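# Examining the three-dimensional arrangement
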There are 2 protein chains.
Amino acid sequence: MYTKLWLDYVTDDNGCIVSFDGDLSDNKLIDNAVNELRSCNCLKDLNIVLGFTDDSSLGDEGYRISTSVMGYKIEAYKDTGLIYGAFRFISLYRLSEDKTISVTEVPVNKLRMLNHWDNMDGSIERGYSGNSFFFVNNDLVINERTKDYARILCSLGYNGVVINNVNVKGEACNLINEKFIYKVKELEELFYSYGVKLYLCLNYAAPIEDPDVGSADPLDEKVIKWWEDKFDYIYSIIPRLGGFLVKADSEGRPGPFTYGRTQAEGANLLARAIAPHHGIIIWRCFVYNCQQDWRDLKTDRACAAYDYFHDLDGQFDDNVILQIKNGPMDFQIREPVTPLFGKMPKTNQMIEFQIAQEYTGQQRHVCYLIPWFKEVLGFETYAENAGKNGSKVVDVVSGKTFGYKYSGMCAVTNTGNDENWTGHDLAAANLYGFGRLSFDPSLSSEEIANEWIGLTYGNDEKVRENILKILMMSWPAYEKYSAPLGIGWMVCPAEHYGPDPDGYEYSRWGTYHKATHDTVGLERNSTGTGYSMQYNEPNASMYENVDTTPDELLLFFHKVPYDHVLKSGKTVIQHIYDTHFEGAEDVETMARLWDELNGMIDHNAFKRVFERFEHQLWHSKEWRDVINSYFYRKTLIEDEKGRELY
Amino acid sequence: MYTKLWLDYVTDDNGCIVSFDGDLSDNKLIDNAVNELRSCNCLKDLNIVLGFTDDSSLGDEGYRISTSVMGYKIEAYKDTGLIYGAFRFISLYRLSEDKTISVTEVPVNKLRMLNHWDNMDGSIERGYSGNSFFFVNNDLVINERTKDYARILCSLGYNGVVINNVNVKGEACNLINEKFIYKVKELEELFYSYGVKLYLCLNYAAPIEDPDVGSADPLDEKVIKWWEDKFDYIYSIIPRLGGFLVKADSEGRPGPFTYGRTQAEGANLLARAIAPHHGIIIWRCFVYNCQQDWRDLKTDRACAAYDYFHDLDGQFDDNVILQIKNGPMDFQIREPVTPLFGKMPKTNQMIEFQIAQEYTGQQRHVCYLIPWFKEVLGFETYAENAGKNGSKVVDVVSGKTFGYKYSGMCAVTNTGNDENWTGHDLAAANLYGFGRLSFDPSLSSEEIANEWIGLTYGNDEKVRENILKILMMSWPAYEKYSAPLGIGWMVCPAEHYGPDPDGYEYSRWGTYHKATHDTVGLERNSTGTGYSMQYNEPNASMYENVDTTPDELLLFFHKVPYDHVLKSGKTVIQHIYDTHFEGAEDVETMARLWDELNGMIDHNAFKRVFERFEHQLWHSKEWRDVINSYFYRKTLIEDEKGRELY
């Protein structure tokens with residue numbers, strides 16, 4: 001048995017009376033929409049009409065829901081909109097007090113995707129919720145849980161899912177071969193029937209394995225032909241496949257650099273071969289030198305994505321999308337926004353977040369990430385010529401700023417085969433939240449949280465209030481007790497969990513803080529690595545100067561003495577001590593807020609989160625003490641408040 | 001194919017004429033001795049007589065070899081002595097220039113053992129030479145390699161081998177059950193026929209699994225009966241089994257503490273049950289709290305073995321031997337000698353070394369450990385009432401000081417299924433050296449090395465000279481470029497390989513250096529953790545005072561400022577810088593000495609070591625720079641010689 005999250009409302013099939021105003025003619029999406037409503041216990045005895053409208057402003061995926069004395073009406077311009085509308089109606093109905101529902105909703109982002117880092121052997125790279133539910137023992141699995149997952153995605157407005165790890169090795173190469181392609185087709189049909197497009201990751205080096213080709217050079221005619229044939233084959237079987245996500249020239253993965261070609265030449269090879277089938281190529285920008293010598297003070301990993309991609313603007317075909325991580329490093333608790341956003345008007349872009357809590361507590365700590373994503377999306381890029389289209393990150397990735405053909409938001413997912421899907425029950429707020437946020441980025445973190453709490457735990461005010469407080473405190477708390485002031489990476493290598501202030505300091509990963517007994521931080525302005533100059537003005541100038549750099553990113557951009565005074569009026573060292581004590585206290589507060597719910601929610605659900613808090617209470621203190629001791633031993637500067645340092 | 005080390009001389013069976021002066025009557029040991037000589041190519045046409053003598057001063061294992069015009073004579077008092085003598089004769093003959101051999105050799109230590117940490121699944125805990133040759137896929141393997149291993153052991157005078165890991169789990173529990181015991185018997189017979197006794201590790205908690213017992217309380221009658229029955233069973237099948245090695249109450253292993261009993265009560269339980277069969281119980285003293293809070297400044301892991309065992313002197317039965325690691329921590333490159341030696345006159349003791357290079361380069365760095373073991377054995381314990389018996393560690397563990405019934409030396413072995421047995425070809429010098437050293441601790445490190453070089457690489461003077469230099473430089477070099485001045489543990493946790501100065505600093509393992517920007521080291525004297533007081537005088541006073549503590553152990557015993565001046569006249573910080581630069585230079589020298597042998601020894605053998613040096617050259621510089629940077633960043637004290645620090 002497993003939890004169906006906010007879909008747990010489905011208990012039997014004696015629900016409401018649903019009529020469809022039109023010609024069904026074997027349409028799986030409409031079938032599913034109707035069945036979803038009919039089997040929904042909470043809608044019992046309601047009268048609901050589904051139907052098409054000729055209002056094309058709703059697009060493929062929008063819907064309109066209205067209430068009248070006759071009952072409820074859900075209208076859409078296309079079938080995908082109808083099934084989104086049906087799910088949304090159920091949520092709104094459950095959340096509504098007066099049961100009057102009147103909304104018109106059209107998704108803001110064209111692509112709203114989840115990326116699975118699931119391996120064919122069933123393991124999940126950076127997965128913290130059990131094994132894969134797509135893959136077991138090098139085989140593809142399709143069962144009731146798969147269907148529920150498709151329903152979950154649809155209910156939140158996700159419209160794409162990449163089912164396999166970007167590091168495509170071994171058996172995963174066969175997902176596009178005869179061995180597995182018919183199972184992939186079956187999976188595609190399932191997801192399609194819930195409005196979700198299926199995507200795969202591919203191995204860029206695949207044609208090397210073919211003895212008749214033996215190369216992956218994007219300009220080699222044989223290679224071009226190989227991919228044309230391959231896509232012809234794939235699409236002859238799965239004509240609606242969304243396309244492919246590619247990690248090339250990164251962390252040991254082969255790519256166009258191997259042949260002295262550009263990233264654009266690599267991406268276009270695939271894009272041209274897939275174009276006749278209307279597929280897209282999503283090309284990751286996570287390209288950097290992962291063999292850096294820590295003694296090398298000039299190379300800056302933060303500069304890599306911009307350095308490799310910026311000058312290629314305009315060279316990518318229009319069915320290529322660059323998938324760019326939110327920050328220039330790798331999903332740290334705090335990073336600046338990647339400077340590529342707002343700097344490539346002629347190249348489709350999608351932003352990549354991570355709701356798998358790789359560096360943010362691995363679903364053992366509660367960390368509601370939506371406030372962090374909101375900050376990133378709200379960052380002003382000052383893109384040139386944006387005018388009234390706006391030039392915030394959200395405008396860029398929703399395609400408004402530059403009128404991209406394809407664009408959107410994706411997240412590395414936090415799901416797995418654990419009974420509760422996300423390891424930590426409260427981590428489901430990120431799965432829920434990211435879907436809703438990518439559908440409508442104007443929603444506030446609190447609005448999203450309140451929806452999720454209501455649908456998951458019911459409408460009790462005290463329950464809502466306490467969980468909302470916990471969620472909203474959680475990301476700031478994690479930042480407080482982990483790496484300070486934007487420096488990042490003070491984490492155990494390999495596991496990416498738990499404090500290890502020097503863990504990455506002498507490694508090849510390009511992730512250093514360079515703390516000495518006098519100073520800490522990296523000089524990344526024009527006199528340093530030059531990273532700050534990758535931004536548009538006035539951002540470049542803001543980061544150039546220590547006085548105008550926001551406190552929370554100070555050590556990312558500047559090397560400062562420990563007695564440097566922050567805008568808050570505190571010295572750096574005292575800020576470190578204070579935030580670390582505060583962060584651990586915040587966890588005590590959150591745990592107390594949860595304890596107050598004992599008896600007010602399902603006991604097992606209470607207990608699951610209670611147990612995670614037991615660990616977080618201990619582990620946040622471990623973080624507090626290790627980071628504080630690290631800086632105390634380095635500086636021997638006492639805490640102004642006289643608290644114990646070790 | 002694999003290398004047979006110094007036994008590679010065996011090429012065919014048309015060797016010498018060997019006659020045995022006595023009644024063979026189906027004696028496997030004598031058979032093997034005769035065959036070994038007969039099949040030895042280098043002895044061709046010699047005339048060799050084997051025979052017994054009534055000189056009981058040779059004991060069970062001694063022998064006398066003499067030369068006359070008639071040929072060579074090998075005499076012994078017992079068959080074990082004869083086979084040791086035969087192997088020794090071959091070595092001496094191969095090494096001798098004038099071929100006149102006249103020696104009488106009797107082993108100094110009663111027990112001369114190797115401990116295998118081999119698991120039944122074929123893996124080896126802390127093994128760096130491939131998988132186990134005893135175990136494959138949860139089964140016991142006996143083949144030609146096993147026989148060669150028995151020959152290797154015999155040729156060096158080893159007389160005992162423990163074949164399975166001290167952490168006895170899963171299938172290994174069945175080594176004393178019907179499932180495997182007949183295979184163990186077969187193995188015992190093989191080793192016995194080469195003079196080597198077989199020992200096993202056992203799971204102290206075994207009777208808990210028996211539903212009729214359900215306990216491991218050493219005072220529980222059912223438990224006592226269970227072990228009596230178990231040993232009756234085992235010895236009815238393998239009457240010559242040497243006995244058992246036990247790790248209890250350590251690193252998660254169950255033991256008598258679980259039932260509020262002492263270590264003596266635990267050991268005696270087994271000792272009394274095994275006594276009727278003349279077996280012995282070897283009881284490890286590696287007992288400590290491995291769940292220490294790093295913030296706890298009072299608990300000192302170094303004190304643990306003494307604290308747990310010292311007051312039990314006289315309470316152990318006389319067929320129990322305490323197996324005590326050379327130092328109080330865990331096989332670091334430098335530690336003081338465990339203070340239990342010379343402090344337990346009424347309790348059999350054996351010293352445990354480690355030739356598996358867990359913390360000393362994992363057989364990727366060359367590190368000839370015999371000089372280090374010689375230092376330990378030469379340590380004066382000032383044991384009371386030792387008189388003319390001597391009270392150095394070597395006297396204690398050879399049984400001289402207190403007249404122990406059982407005593408000796410053992411080492412965790414460095415062997416595995418790699419073609420060359422020890423991963424690094426030069427690591428075979430430790431396997432060879434430890435056998436010879438435990439047979440005769442008065443041998444110098446150079447004598448042992450010269451023997452090994454001659455037998456392995458031949459008698460070329462240049463080859464001998466260069467390899468001797470490399471071996472003798474190697475341990476000091478490793479100490480220079482790794483953790484300084486006895487502090488230890490600046491190594492990556494889990495792997496125990498490569499520099500990580502703070503790797504253990506915030507862990508639960510009780511292994512801290514507490515470096516701040518002012519000071520480094522632990523106060524372990526009477527005003528600190530009190531560890532130094534565990535020694536006899538005048539050692540206790542020597543370690544009490546910073547001025548009388550030897551430089552190489554300074555930071556083990558004392559917290560000092562970086563500008564503290566060593567006996568060498570250097571400050572601590574300058575010593576750190578200097579030794580780290582020197583250590584990496586020493587590796588360059590060693591690699592150059594090796595390069596000079598290109599063309600002078602077998603090319604593949606040359607290349608194997610050459611490749612290991614390539615790694616060591618890089619990795620010793622990594623050690624140098626990380627350790628130096630760590631202390632430089634902490635202190636910002638410049639190198640007096642102006643070399644680059646990062």
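### A short note on the domain arrangement of chain A
Residues and elements named next belong to chain A. Split by domain assignment, chain A resolves into domain 1 (8–105), domain 2 (111–442) and domain 3 (481–522 + 559–635). For domain 2 and domain 3, the distance between their C-alpha centres works out to 30 Å. At the junction of the two partners, domain 2 supplies 29 residues and domain 3 supplies 32 residues. Across the interface of domain 2 and domain 3, roughly 2500 Å² is buried in total on both sides, 53% from carbon and sulfur atoms. There are 1 salt bridge connecting domain 2 and domain 3. For the side of domain 2 that touches domain 3, the per-class residue count stands at 9 nonpolar, 11 polar and 9 charged.

### Some remarks on the relation of the copies chain B and chain A
When chain B is fitted onto chain A, the two copies agree to an RMSD of 0.0 Å after a turn of 180° and an axial shift of 0.0 Å. Such values leave the two copies arranged in the relation of a two-fold axis. Taking the C-alpha atom as reference, chain B places Lys 634 of chain B closest to the rotation axis, 2.9 Å from it. Same-surface contact between copies: 100% of interface residues of chain B are shared with the interface of chain A.

### Remarks on the packing of aromatic side chains
All names here are of chain A. As enumerated under the stated definition, the model contains 92 aromatic pairs over all chains in all. Seen in terms of ring centroids, Trp 294 and Tyr 506 are 4.9 Å apart; in terms of plane orientation they differ by 85°. Their pairing is edge-to-face. Here Trp 294, found in the loop between β12 (280–284) and α8 (304–309), pairs with Tyr 506, found in the loop between α13 (461–481) and β16 (519–520); they are 212 residues apart in sequence, far enough to count as distant. Both residues of the pair, Trp 294 and Tyr 506, count as buried. Where Tyr 531 meets Tyr 535, the ring centres are 5.5 Å apart and the plane angle is 90°; that geometry is what we call edge-to-face. Judged by its relative accessible area of 0%, Tyr 531 is buried. Linked through ring pairs, Phe 133, Phe 134, Phe 135, Tyr 149, Phe 191 and Trp 421 together constitute an aromatic cluster. Note that Arg 240 overlies the ring of Tyr 192, its terminal NZ or CZ placed 3.7 Å from the centroid. Cation over ring: Lys 514 sits above Tyr 512, and NZ or CZ is 4.9 Å from the ring centre.

### Structural notes on the interface of chain B and chain A
Where interface size is quoted, it is often the accessible area lost as the parts come together. In this complex, chain B contributes 22 residues to the contact, which on the side of chain A involves 22 residues. At the boundary of chain B with chain A, total buried surface from both sides reaches about 2200 Å², with 56% on carbon and sulfur atoms. Three residues, Arg 295, Tyr 506 and Arg 633 of chain B, lead the burial of chain B against chain A; their summed loss comes to 34% of the area buried on that side. Where chain B touches chain A, the interface holds 6 salt bridges. Residue Arg 295 of chain B pairs with Asp 625 of chain A through a salt bridge whose shortest N-O separation is 2.4 Å. Linking chain B with chain A are 10 residue pairs in polar contact (both at pLDDT 80 or more), by the criterion used here.

### Thoughts on the pattern of salt bridges
Residues and elements named next belong to chain A. All chains considered together, the criterion is met by 83 salt bridges over all chains. The partner of Lys 183 in a salt bridge is Asp 139, with the nearest N and O atoms 3.3 Å apart. Highlighted residues: Lys 183 in helix α4 (residues 178–192) and Asp 139 in strand β8 (residues 139–140), separated in sequence by 44 residues. In this structure Lys 183 comes out as partly exposed when scored by relative accessible area, which is 31%.

### Considering the pairing of strand β4 (residues 71–76) of chain B
Remark: a regular strand shows side chains that alternate across the two faces of the sheet. All names here are of chain B. Counting buried positions along β4 yields 5 of 6 residues, so the element is predominantly enclosed. The sheet contact formed by strand β2 (residues 47–52) and β4 spans 5 bridges and is parallel. Paired with Gly 51 across the two strands is Glu 75, which belongs to β4. Alignment of strand β3 (residues 63–68) against β4, held across 5 bridges, turns out to be antiparallel. Note that in β4 the partner of Ser 68 across the bridge is Gly 71. The hairpin turn running from β3 into β4, its antiparallel successor, is 2 residues long.

The rules we used
- Residues numbered from 1 in each chain as written.
- Chains lettered and ligands numbered in written order.
- Predicted model: local features only at pLDDT ≥ 70, side-chain atom pairs only at ≥ 80, totals over all residues.
- Heavy atoms only, no water.
- Domains from an automatic or database assignment.
- Contact = heavy atoms within 4.5 Å.
- Buried area = accessible area lost by both parts, 1.4 Å probe.
- Salt bridge = Lys/Arg side-chain N within 4 Å of Asp/Glu carboxyl O.
- Nonpolar A, V, L, I, M, F, W, Y, C, P; charged D, E, K, R; others polar.
- Least-squares fit on C-alpha atoms with pLDDT ≥ 70 in both.
- Phe/Tyr/Trp six-rings, centres within 6.5 Å; stacked < 30°, edge-to-face > 60°.
- Helix = DSSP H or I, 4+ residues; strand = E, 2+ residues; numbered from the N terminus.
- Buried < 20%, exposed > 50% of the residue type's maximum accessible area, 1.4 Å probe, protein only.
- Lys NZ or Arg CZ within 6 Å of the ring centre and 35° of its normal.
- Polar contact = N/O pair within 3.5 Å; in protein donor to acceptor, adjacent residues only side chain to side chain.
- Pairing = 2+ DSSP bridges.

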